[in-house]
Amino acid sequence: MTVLSKTGEVSFEGLGGRSPIQYCFLQFGAVVFLGVLFFSGSRAGWAAPSQQIELPSNAFSIDDYFSTTQFRELVIASDGKIIAYAVDSIDLKTNKTDPAVYLQSTTRGSLPELIEEIQDGRKFAWIPNQNRLAFLSDRSGTTQLYSYDVQKKTLWLRTNSSSPIVDFQFAPNGNGVVYFTQPTVVGETLYERFRGTEHGIIVDSDTIGSYDFLDPNWGEWPRDPVARESEMWIDIAGSGPRKANIPGSPQYASWSPDGGRLSVTYVAHPRVVSKGVAIGVETSVGIYDVASNGFAPFAEMHMLSESGTRVSFAGDEWIPGTQKILIRRYTERGDFLDRFFPQVVALDLSSEVDINENSLNWVTIEPYGVGNRPMLIPCDDERKFINIVFEGRRSLFRVSKSGDIKRAELLGGRSGSQSLFDFSDGVAQATFVEQSLTEPPEIYIWRQGEGIYRLTSFNENIRSKILPNAREVFWKSKDKTKIHGWLLEPSFPRFASRTLPMVTFVHGGPQYVMPDEFAHYFNLWPYPFEVLAQNGIRVFIPNYRGSRTYGRKFVSPDRVDGEPVDDIISGIDYLVHIGVADPDRLAISGQSHGAWLGPLVMSRARVFAAGSFSEGTGNATLLYDLTPGLLNRDLHSRTYGGSLYKNPQRYVELSPELHFEDLDAAVLFEAGAYASAVPMLGYPKAARHAGMPSEYIVYPKTGHGMTIPRLRRESAERNLDWFRFWLKDEEDPDPSKAEQYNRWRTMRDERCTSEKFTSHPSYCPQ
């Protein structure tokens with residue numbers, strides 16, 4: 001059995017010194033009785049079905065997810081007097097997500113003003129030293145740059161580009177602008193060609209994947225912007241655009257404080273890359289002189305021939321008031337995780353500099369983030385900030401010269417997560433969005449000498465609801481590594497200090513991390529964690545190894561089915577040990593990578609009464625076959641211990657659906673018709689073969705994430721009903737759900753009365 005020490009360390013006794021996972025493999029093919037592998041005690045079921053719970057009318061409900069306003073963009077004017085922000089709200093009646101754009105004074109007690117002329121805008125930015133708000137819009141048919149004069153209430157079309165504009169930045173004095181264009185992807189998608197042409201089609205197995213067959217919109221998605229050809233244009237004081245003399249494909253740029261130069265991150269030798277293939281970004285950095293239209297490469301991408309390592313550079317963060325620039329270096333051995341851990345150096349360009357990268361004092365900022373785009377916010381020569389998730393919390397951190405980070409002093413002792421930071425000139429004011437697991441998002445203002453105050457009240461209706469409690473939990477995994485997670489708990493007194501059913505949620509990624517943010521995952525796949533908690537089912541969300549923001553070692557486990565599995569199992573064991581979770585009423589859930597790892601945990605721990613998984617693949621060999629060859633070589637072959645063709649047995653080990661025999665769990669499977677509907681089909685087949693109660697739902701017009709509001713509500717309701725039924729024997733009295741419960745009761749009766757099984761699952765009647 002599993003024994004937990006008083007310090008939270010997990011040890012394993014009664015299995016000959018082996019872990020439950022090792023024991024499981026040794027006993028493969030035999031009948032494994034529940035309770036042997038993981039928890040002590042019997043799983044014969046609870047004494048009696050739970051009574052139907054009537055929640056107060058102001059308890060947080062599924063409809064409240066759709067009433068929560070989300071903040072998408074937020075920028076403050078250079079003088080700090082006004083902000084602009086974009087929000088999204090969901091209308092279940094129209095079945096749409098409605099965007100809105102507001103202007104608002106930063107004065108306490110001010111009210112937002114909806115400006116009709118800019119409602120279709122995106123990528124908002126205040127033009128320095130002007131009362132004008134710049135943005136991109138498609139209103140003319142091709143994406144162009146516009147600006148809106150706040151005082152005169154007038155709109156100005158600033159560009160007339162034949163190709164869509166994808167990014168822009170104004171000079172520090174507001175008189176110049178640099179912008180980037182990329183050609184529109186034209187031609188039939190493979191999806192259309194497969195269904196419309198009368199001839200055979202040659203396809204490239206290195207770049208084609210299952211989405212090309214399933215998603216009619218897949219080919220319309222922009223290809224990797226770094227791989228596509230792009231052009232950079234300069235317009236000074238409205239004199240008209242001129243094309244900048246940049247080699248290859250420029251990606252983004254930033255003005256020097258005096259406006260005379262631009263640092264440019266570019267790809268010297270662009271190449272077409274298929275949608276979704278995660279390969280390295282081969283970028284370099286150069287300096288563009290505005291007056292002469294001259295360009296000088298500065299830090300160029302190169303290969304280290306002795307090791308095959310690729311070294312690339314990026315950076316466009318000038319330190320205000322100086323001629324110093326921050327450059328980032330990526331040393332990539334082929335593992336895309338290297339992109340999370342760049343090295344940074346500040347270089348003074350006031351005189352000519354010859355980069356000798358091996359002699360520079362590079363500093364690694366481990367929780368830095370993903371990709372090439374700048375994330376550092378240099379406010380002056382001493383203060384450099386970074387807005388990232390660190391150890392499970394998104395906030396503003398100050399970066400020291402040695403690369404260490406600590407929470408920014410301006411935030412004081414604030415809790416929760418803060419995002420979308422923007423500063424006024426001189427760092428006199430800042431604006432940001434704050435939220436937590438139990439607090440919906442709102443905009444806050446920081447003013448030097450005055451502190452922080454809340455500016456908006458969009459989600460006051462959500463604040464009036466009775467929300468669940470939330471807390472951090474820590475435990476030690478099998479190898480003594482400290483692991484972090486979140487626990488959502490009911491806030492009603494009737495549940496206080498009681499051992500309750502618990503759902504463990506395995507997030508996707510795997511490098512994704514679950515932060516301290518309100519209903520964070522609901523926007524990816526609509527699991528109603530908060531409502532589950534208020535219905536007396538605790539929700540445990542472990543940030544297992546493989547999750548970002550805990551350092552390089554944490555994000556790179558030795559085995560994808562090793563430490564992550566141990567972290568999740570030991571976390572559940574810990575919560576059972578301290579009396580939080582009922583060992584007879586455990587469930588597990590997951591999406592994307594979590595819908596692979598979650599079922600793998602389920603097949604090895606064998607303690608779960610129920611599960612729900614979406615958008616995953618249960619067969620690693622099928623995943624390899626349906627994935628573009630480039631991605632397989634860059635990802636799966638590296639992380640799975642070799643290719644499928646050289647090590648097929650390893651792929652069998654990593655296929656949860658091949659290990660469902662003797663499982664008791666009742667499992668709901670969900671997929672999008674445009675994404676994992678075909679790859680996920682093996683799960684319900686394997687579950688049915690094993691005699692597990694299960695249901696498979698495919699949602700139309702849905703990709704890897706669910707966006708259609710009514711479908712999101714349907715999925716959320718279904719998951720709530722599923723876990724209440726299998727963990728608590730509760731049913732929603734809504735007459736429209738009668739057929740659903742008839743199906744589920746039939747499944748339960750068939751499993752519980754069958755003579756083929758020797759085990760008696762906890763959801764079976766006494």
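For the structure itself, consult the block above.
Residues numbered from 1 in each chain as written. Predicted model: local features only at pLDDT ≥ 70, side-chain atom pairs only at ≥ 80, totals over all residues. Heavy atoms only, no water.

Trainee: It is not clear to me how the pairing of strand β4 (residues 82-91) should be interpreted in this structure. Could you clarify?
Mentor: In regular strands, side chains alternate between the two faces of the sheet. The element β4 is extensively covered by neighbouring structure, given that 7 of its 10 residues are classed as buried. Sheet analysis places strand β3 (residues 70-76) next to β4, joined by 6 bridges and oriented antiparallel. When the bridges of β4 are listed, Gln-70 appears paired with Asp-88. Between β3 and β4, which pair antiparallel and follow one another directly, the connecting turn spans 5 residues, one of which, Gly-80, has a positive phi of 75°. The pairing of β4 with strand β5 (residues 96-105) spans 10 bridges and is classified as antiparallel. The residue bridging Val-87 from the neighbouring strand is Ala-100, located in β5. Between β4 and β5, which pair antiparallel in sequence order, lie 4 residues; one of them, Asn-95, sits at a positive phi of approximately 60°. (Buried < 20%, exposed > 50% of the residue type's maximum accessible area, 1.4 Å probe, protein only. Helix = DSSP H or I, 4+ residues; strand = E, 2+ residues; numbered from the N terminus. Pairing = 2+ DSSP bridges.)

Trainee: Just to check I follow, could you spell out the packing of aromatic side chains for this structure?
Mentor: Geometry of an aromatic ring pair is reported as the spacing of the ring centres plus the angle between the planes. A full pass over the atoms with the stated rule returns 41 aromatic pairs. Taken together, a centroid distance of 6.3 Å and an interplanar angle of 40° make the contact between Phe-313 and Trp-362 tilted. You can see Phe-313 sitting in strand β20 (residues 309-318) and its partner Trp-362 sitting in the loop between β22 (343-348) and β23 (363-364), a full 49 residues away along the chain. The residues Phe-313 and Trp-362 share a single accessibility class, namely buried. (Phe/Tyr/Trp six-rings, centres within 6.5 Å; stacked < 30°, edge-to-face > 60°.)

Trainee: When you look at the environment of Leu-597 in this model, what are you seeing that I'm missing?
Mentor: Topologically, Leu-597 is positioned in helix α9 (residues 594-605). Along the sequence, Leu-597 and His-507 sit 90 residues apart, while their C-alpha atoms lie 9.0 Å from each other. Residues contacting Leu-597, with those up to four places away along its chain left out, are Val-506, Tyr-544, Val-560, Pro-564, Val-565 and Ile-568. (Contact = heavy atoms within 4.5 Å.)

Trainee: Explain the state of the cysteines to me, please; I cannot follow it from the model alone.
Mentor: Throughout this description, disulfide means a covalent bond between two cysteine sulfur atoms. Overall, the coordinates contain 1 disulfide when judged by the stated rule. Between Cys-752 and Cys-764 runs a disulfide, and the two sulfur atoms are separated by 1.9 Å. Between Cys-752 and Cys-764 the disulfide shows an S-S torsion of about -90°. By sign, it is left-handed. Here Cys-764 lies in the segment after α15 (738-753) and Cys-752 lies in helix α15, a separation of 12 residues in the sequence. (Disulfide = S-S within 2.5 Å.)

Trainee: It is not clear to me how the nonpolar core should be interpreted in this structure. Could you clarify?
Mentor: Ranked by internal contacts, the top residues of the largest apolar core, which has 50 residues, are Leu-575, Met-602, Phe-608, Phe-660 and Met-692. Apart from residues lying up to four places away in sequence, Met-692 is in contact with Met-602, Phe-660, Leu-663, Ala-665, Val-667 and Ala-687. Membership of the second largest hydrophobic core comes to 48 residues, among which are Tyr-527, Ile-537, Ala-609 and Leu-668. (Core = buried A, V, L, I, M, F, W, Y, C linked by side-chain atoms within 4.5 Å.)

Trainee: For this particular structure, what's the right way to read the sheet that holds strand β34 (residues 500-506)?
Mentor: Strand pairs in the sheet, formed through backbone hydrogen bonds, run parallel or antiparallel to each other. The 8 strands are arranged β32-β33-β35-β34-β36-β37-β38-β39 in an open sheet whose pairing can be described as mixed. Sheet topology places β32 (469-476) and β39 (694-699) at the edges, where each strand pairs with a single neighbour. Within the sheet, the average angular offset between the axes of one strand and its neighbour, ignoring direction, is 20°. Seen against the sheet, α9 touches β34, β36 (581-591), β37 (610-614) and β38 (666-672) and runs at an angle of roughly 150° to β36. The sheet contacts of helix α13 (residues 682-689) involve β38 and β39, and relative to β39 the element is tilted by about 165°. (Axes fitted to C-alpha atoms, helices over the stretch in contact; angles between N-to-C directions.)

Trainee: How should unusual backbone geometry be read in this particular structure?
Mentor: As a rule of thumb, non-glycine residues mostly have phi less than zero, and peptide bonds are mostly trans rather than cis. Between Gly-509 and the following residue, Pro-510, the backbone shows a cis peptide bond with an omega angle of 5°. Positive phi, close to 80°, is recorded for Thr-549, a residue that is not glycine. Following the sequence through the fold, Thr-549 ends up in the loop between β35 (538-543) and α7 (552-555). The phi torsion at Asp-729 lies on the positive side, around 55°, for a residue other than glycine. Along the chain, Asp-729 falls in the loop between α14 (709-728) and α15. Since its relative accessible area comes to 24%, Asp-729 is described here as partly exposed.

Trainee: What exactly am I supposed to notice about the pattern of salt bridges here?
Mentor: Any two side chains of opposite charge can pair, so long as their charged atoms come close to each other. For the coordinates displayed, the defined rule picks out 41 salt bridges. Between Glu-472 and Arg-393 there is a salt bridge whose closest N-O contact spans 3.0 Å. One end of the pair, Glu-472, is in strand β32; the other, Arg-393, is in strand β26 (residues 393-399), with 79 residues separating them in the sequence. Of the residues examined, Arg-393 reaches a relative accessible area of 26% and is grouped as partly exposed. Between Arg-398 and Glu-409 there is a salt bridge, with the nearest N and O atoms lying 3.6 Å from each other. Linking Arg-398 in strand β26 with Glu-409 in the loop between β27 (405-407) and β28 (417-423), this pair joins segments that are 11 residues apart in sequence. Residue classification places Arg-398 among the partly exposed positions, given a relative accessible area of 24%. Judged by relative accessible area, which is 45%, Glu-409 ranks as partly exposed. Linked through salt bridges whose partners overlap, the residues forming this network are Asp-63, Arg-713, Glu-717, Asp-721, Asp-732 and Lys-737. (Salt bridge = Lys/Arg side-chain N within 4 Å of Asp/Glu carboxyl O.)

This is a description of form; function is not addressed.
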